[in-house]
Amino acid sequence: EPEVTQTPSHQVTQMGQEVILRCVPISNHLYFYWYRQILGQKVEFLVSFYNNEISEKSEIFDDQFSVERPDGSNFTLKIRSTKLEDSAMYFCASSVGQVAYEQYFGPGTRLTVT
Amino acid sequence: QKEVEQNSGPLSVPEGAIASLNCTYSDRGSQSFFWYRQYSGKSPELIMFIYSNGDKEDGRFTAQLNKASQYVSLLIRDSQPSDSATYLCAVSPPSGGSYIPTFGRGTSLIVHP
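Since the structure is predicted, the reported quantities are computational estimates derived from the model, not experimental observations.

The rules behind the values
Residues numbered from 1 in each chain as written. Chains lettered and ligands numbered in written order. Predicted model: local features only at pLDDT ≥ 70, side-chain atom pairs only at ≥ 80, totals over all residues. Heavy atoms only, no water. Helix = DSSP H or I, 4+ residues; strand = E, 2+ residues; numbered from the N terminus. Rg over C-alpha atoms; globule rule 2.2 N^0.38 Å. Buried < 20%, exposed > 50% of the residue type's maximum accessible area, 1.4 Å probe, protein only. Contact = heavy atoms within 4.5 Å. Core = buried A, V, L, I, M, F, W, Y, C linked by side-chain atoms within 4.5 Å. Salt bridge = Lys/Arg side-chain N within 4 Å of Asp/Glu carboxyl O. Pairing = 2+ DSSP bridges. Buried area = accessible area lost by both parts, 1.4 Å probe. Polar contact = N/O pair within 3.5 Å; in protein donor to acceptor, adjacent residues only side chain to side chain. Phe/Tyr/Trp six-rings, centres within 6.5 Å; stacked < 30°, edge-to-face > 60°. Lys NZ or Arg CZ within 6 Å of the ring centre and 35° of its normal.

**Q** Can you break down the overall build of chain B residue by residue, with the values?
**A** Along the backbone of chain B there are zero helices and 11 strands. Counted from the first residue to the last, chain B has its helices and strands arranged as β-β-β-β-β-β-β-β-β-β-β. Its C-alpha atoms give chain B a radius of gyration of 13 Å, near enough to 13 Å, the size a compact globule of 113 residues would have. In terms of overall dimensions, chain B has a C-alpha envelope of 45 × 30 × 20 Å along the principal axes. Taking all 113 residues of chain B together, 45% fall into the buried category. A separation threshold of at least 6 residues defines the contact pool for chain B, and within that pool the share at least 24 residues apart is 55%.

**Q** Give me the lowdown on the nonpolar core, citing residues and values where you can.
**A** Counting 23 residues, the largest nonpolar core has Trp35(B), Val72(B), Leu74(B), Ile76(B) and Tyr87(B) as its most contacted members. Taken together, the elements giving at least two residues each to this core come down to strand S3 (19-25), strand S4 (32-38), strand S5 (45-50), strand S7 (61-66), strand S8 (71-76), strand S9 (85-92) and strand S11 (107-112) of chain B. Membership of the second largest hydrophobic core comes to 21 residues, among which are Val19(A), Phe32(A), Leu77(A) and Leu111(A).

**Q** Would you mind going over the pattern of salt bridges in detail, with residue names and values included?
**A** A side chain with one charge may pair with a side chain of the opposite charge, provided their charged atoms come close. Throughout the structure, instances matching the rule amount to five salt bridges over all chains. Here Glu3(B) ties to Lys42(A) by a salt bridge, and the two come within 4.0 Å at their closest N and O atoms. Here Glu3(B) is found in the segment before strand S1 (4-5), whereas its partner Lys42(A) is found in the loop between strand S4 (31-37) and strand S5 (44-50) on a different chain.

**Q** Before we move on, can you summarise the pairing of S5(B) with the specific residues and values?
**A** In summary, the side chains of a regular strand alternate between the two faces of the sheet. All names here are of chain B. Note that S4 and S5 share five bridges and pair antiparallel. Residue pairing across strands places Tyr 36 opposite Leu 46, the latter belonging to S5. The antiparallel hairpin formed by S4 and S5 contains six residues in its connecting segment, where Gly 41 sits at a positive phi of about 80°.

**Q** I'd like a rundown of the interface of chain A and chain B, residues and numbers included.
**A** Between chain A and chain B, the contact holds 21 residues from the first and 20 residues from the second. Between chain A and chain B the total buried area reaches about 1,600 Å² when both faces are included, carbon and sulfur atoms providing 60% of it. On the surface where chain A and chain B come into contact, there are one salt bridge. Counting every contact that joins chain A to chain B gives three residue pairs in polar contact (both at pLDDT 80 or more).

**Q** So, unusual backbone geometry: which residues are in play, and what are the values?
**A** For the bond running from Thr7(A) to Pro8(A), omega is -10°, close enough to zero to count as cis. The linkage connecting Gly9(B) with the following residue, Pro10(B), adopts the cis geometry, with an omega of 10°. Mapped onto the fold, Pro10(B) is located in the loop between S1 and strand S2 (11-14). The residue Asn52(A) is not glycine, and still its phi comes out positive at about 65°. Owing to a relative accessible area of 61%, Asn52(A) belongs among the exposed residues under this scheme. Its identity is not glycine, yet Asp78(B) carries a phi of approximately 50°, on the positive side. Inspection of the secondary structure puts Asp78(B) in the loop between S8 and S9. On the basis of relative accessible area, Asp78(B) is assigned to the partly exposed category, the value being 41%.

**Q** How would you summarise the packing of aromatic side chains if you had to cite specific residues and measurements?
**A** Per the stated rule, a full pass over the model turns up 16 aromatic pairs over all chains. Both rings, one in Phe91(A) and one in Phe105(A), keep their centres 6.3 Å apart while their planes meet at 80°; by these two values the pair is edge-to-face. With Phe91(A) in strand S9 (residues 88-95) and Phe105(A) in strand S10 (residues 104-105), this residue pair connects regions lying 14 residues apart in the sequence. For the pair shown, Phe91(A) and Phe105(A) are each scored as buried. An aromatic cluster is built from Tyr33(A), Tyr35(A), Phe45(A), Phe91(A), Phe105(A), Tyr36(B) and Phe103(B), whose rings are joined through pairwise contacts. The ring of Phe49(B) carries Lys56(B) above its face, with NZ or CZ at 3.8 Å from the centroid.

Structure representation (structure tokens):
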């Protein structure tokens, strides 16, 4: 069964550094998403991406964040100048259409900022 | 602000019992309602979605929706220890047309043998 993959599974970085989280969505999917979940907190939407551009973003997704689809398979989230409060699980998801029940989540990347 | 509220639990039930998980939401314009299961350290997994008032059954799971009361619940019959997880309620779209789900914080369920 096709699945969304994410690398790395765990990333440790120092405050102020830049990190890139990588995702490979399911191959025939058209919509791509990033969510984050701070430990013990709710899953929060960051950004959605369709047709090579951001289709929607939350208040969390400020200038510190950017997304890119550098080739036909990868979807990346870049976090510049990381802060302690960026420590969280980051989930990538993808879907064929834009309805929520079609979203498949990847296993997540645990980001730890020290 | 559009909110989805859940009791954080933990809800502890014996094996074989019915587990009842509840969720309320603030945006009366919401149209789609979802239940996800999340094991510790893992990603959310969609287990049920419901659009219409009433009940929707899928195996041991039943989702119940009452839009007038802005209330959605999940019943798990014949609970098993493997059902022990956090159950996330999500609502979509909120008024304004976004399809992005808004999640609650989840209810931790513990099924003990």
